[in-house]
Amino acid sequence: MNKIQQFWHDFCRANGKEEIQYKDAFQFGVSADWLANLVVEGKKTATTSGYMFYELENEALPQSGEYYIVLNGQEEPVAVIQIQSVEVVPMNEVTVDFALAEGEGDYQFWWDAHEKFFTELLKTYNKKFSPNMLVVCERFRKVP
C-alpha cells in the first residue's frame, strides 16, 4: 500500500467511511506547498480550473460529493476535501466572494494569478487566453 492509499485508508477508518472511494489525488497549481497549507489551515475552500482542459483531456468535471486527496509539493497527502458545488462560468463573471474563497489574496491577485496560469497552459495547446473563457468553479470543504 503506497502512502496515498494508506492516508485514505486511515482517513476512512477514522471517519467511519469504509465504503467510499476518493476520485483523485492532486496538487493545486504552481505553488503546491503554499496552496496545500491554505487548505490544511481552512483558508482555501474553493478552486478554479479551465473548462477547456477537461474537454481537451477528455476528463469528467468534478461532481458535488466527491472526495479528493490534496498533495503537497513532495506529492505527500496532506488533506481530504469533499466537493460542495461545481459551476461553469465565464472567468470574467467569477464573483469576488468566490475568488476570496480561494484564500490566496484579493480579487486582483486571483485574476492575475489565473490569467498567468491559464495563458501559459493554453500555449501548450496552441490556444490563447480570453477573459470570458469558461472556468470550473469548485467549492469544497476540508474533511477532518
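Right, let's walk through the structure included here.

Cut-offs used in this document
Residues numbered from 1 in each chain as written. Predicted model: local features only at pLDDT ≥ 70, side-chain atom pairs only at ≥ 80, totals over all residues. Heavy atoms only, no water. Helix = DSSP H or I, 4+ residues; strand = E, 2+ residues; numbered from the N terminus. Rg over C-alpha atoms; globule rule 2.2 N^0.38 Å. Pairing = 2+ DSSP bridges. Axes fitted to C-alpha atoms, helices over the stretch in contact; angles between N-to-C directions. Contact = heavy atoms within 4.5 Å. Phe/Tyr/Trp six-rings, centres within 6.5 Å; stacked < 30°, edge-to-face > 60°. Buried < 20%, exposed > 50% of the residue type's maximum accessible area, 1.4 Å probe, protein only. Polar contact = N/O pair within 3.5 Å; in protein donor to acceptor, adjacent residues only side chain to side chain. Salt bridge = Lys/Arg side-chain N within 4 Å of Asp/Glu carboxyl O.

### Quick word on the overall build of the protein chain
- Looking only at helices and strands, one finds five helices and five strands in the protein chain.
- Counting from the amino terminus, helix and strand elements in the protein chain follow one another as α-β-α-β-α-β-β-α-α-β.
- Relative to the compact-globule value of 15 Å for 144 residues, the protein chain shows a C-alpha radius of gyration of 15 Å, a close match.
- Along the longest, intermediate and shortest principal axes, the C-alpha atoms of the protein chain span 45 × 30 × 25 Å.

### What about the sheet that holds strand β5 (residues 134-143)?
- Strand order in the open sheet formed by five strands is β1-β3-β4-β5-β2, with mixed pairing between adjacent strands. The outermost strands of the open sheet, each flanked by one partner alone, are β1 (24-26) and β2 (46-50). Taken over all neighbouring pairs, the strand axes of this sheet differ in orientation by 40° on average, direction set aside.
- Bridge count for β2 against β5 is five bridges, and the pairing is antiparallel. Counterpart to S49 in the pairing with β5 is V136.
- Its contacts with the sheet put helix α1 (residues 3-15) on β1, β3 (67-71), β4 (77-90) and β5, and the angle it makes with β4 is roughly 90°.
- Sheet strands touched by helix α2 (residues 32-40): β3, β4 and β5. Its angle to β4, the strand with the most contacts, is close to 95°.

### Here we look at the packing of aromatic side chains
- Under the counting rule described, the total for this entry stands at 14 aromatic pairs.
- Aromatic ring contacts, followed pair by pair, group W8, F11, Y22 and Y67 into a single cluster.

### With respect to the environment of D106
- Mapped onto the secondary structure, D106 falls in the loop between α4 (96-101) and α5 (107-123).
- Its relative accessible area of 47% is what places D106 among the partly exposed residues.
- A polar contact of 3.3 Å, which involves the side chain of D106, links it to the backbone nitrogen of Q108.
- Within polar-contact distance, the side chain of D106 engages the backbone nitrogen of F109 at 2.8 Å.

### Comments concerning the pattern of salt bridges
- Overall, the coordinates contain six salt bridges when judged by the stated rule.
- Measuring nitrogen to oxygen at the nearest pair gives 3.2 Å for the salt bridge that ties E41 to K43.
- Close ionic contact of K44 with E104 constitutes a salt bridge, the shortest N to O distance being 3.0 Å. Of this pair, K44 sits in the loop between α2 and β2 while E104 sits in the loop between α4 and α5, placing them 60 residues apart in sequence.
- Given a relative accessible area of 2%, K44 falls into the buried group.

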